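# Topology and contacts: notes
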Amino acid sequence: MLITIRNGKAELRNDNGGLVRTMGSSNVVSVSMSSELELVGIVYASGKAELRRLNGGLLRTLEPKDAVDISFSGDQVAIRMSNGKTKVRSTLEPTDAVDISFSGDQVAIRMSN
């Protein structure tokens, strides 16, 4: 399976290039698929970043605005923001950690309690 952007939409394609499904709405600017081929990260021109299941269903919104790129590494997803910072989120179910942000050599972890 592979994921591409065509005419502003994210398209999931099989190994032969055949269309499996279109995901998300229009104006997609960045898309990435997890190595386990279970999740898809989508960034829209509005800056909204979403995490979707392979069947197209929305799992959760990762960022409401200012995202420009998205990529996976294991069970982590990195979201590059318009200000140059990168936010790292877990693809696993939420725990006590709400947000992890990187800026240079600094790491900030915001907790839920």
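The text that follows walks through the structure, step by step, so that each part is easy to find. (Residues numbered from 1 in each chain as written. Predicted model: local features only at pLDDT ≥ 70, side-chain atom pairs only at ≥ 80, totals over all residues. Heavy atoms only, no water.)

## Here we look at unusual backbone geometry
- Despite not being glycine, Asn-7 has its phi angle at roughly 50°, a positive value.
- The topology assignment puts Asn-7 in the loop between β1 (2-6) and β2 (9-13).
- In this structure, Asp-66 takes a positive phi of about 75° despite not being glycine.
- According to the relative accessible area criterion, Asp-66 is partly exposed, its value standing at 39%. (Helix = DSSP H or I, 4+ residues; strand = E, 2+ residues; numbered from the N terminus. Buried < 20%, exposed > 50% of the residue type's maximum accessible area, 1.4 Å probe, protein only.)

## Considerations on the sheet that holds β1
- Judged by pairing direction, the sheet is antiparallel, and its three strands sit side by side in the order β1-β2-β3 without closing on themselves. Each having just a single partner strand, β1 and β3 (19-23) make up the two edges of the open sheet. Between one strand axis and the next, the sheet turns through 30° on average, direction left out of account. (Pairing = 2+ DSSP bridges. Axes fitted to C-alpha atoms, helices over the stretch in contact; angles between N-to-C directions.)

## Some thoughts on the side chain of Glu-50
- Mapped onto the elements, Glu-50 comes out in strand β6 (residues 49-53).
- Side-chain polar atoms of Glu-50 contact the side chain of Tyr-44, separated by 2.9 Å.
- For Glu-50, the side chain forms a polar contact with the side chain of Arg-52, separated by 2.9 Å.
- In contact with Glu-50, not counting residues within four places along its chain, are Val-40, Gly-41, Ile-42, Tyr-44, Leu-58, Arg-60, Thr-61, Leu-62 and Ile-70. (Polar contact = N/O pair within 3.5 Å; in protein donor to acceptor, adjacent residues only side chain to side chain. Contact = heavy atoms within 4.5 Å.)

## Observations concerning a nonpolar patch on the surface
- Together, Met-1, Val-20 and Leu-37 line one region of the surface with nonpolar side chains, adding up to about 220 Å² of accessible area.
- Position of Val-20 among the secondary structure elements: in strand β3.
- Note on Val-20: relative accessible area 35%, which makes it partly exposed. (Patch = residues over 30% accessible without salt bridge, like charges linked within 9 Å, V, L, I, M, F, W, Y side chains within 5 Å. Areas by Shrake-Rupley, 256 points an atom, 1.4 Å probe, with all protein chains shown as cover. Salt bridge = Lys/Arg side-chain N within 4 Å of Asp/Glu carboxyl O.)

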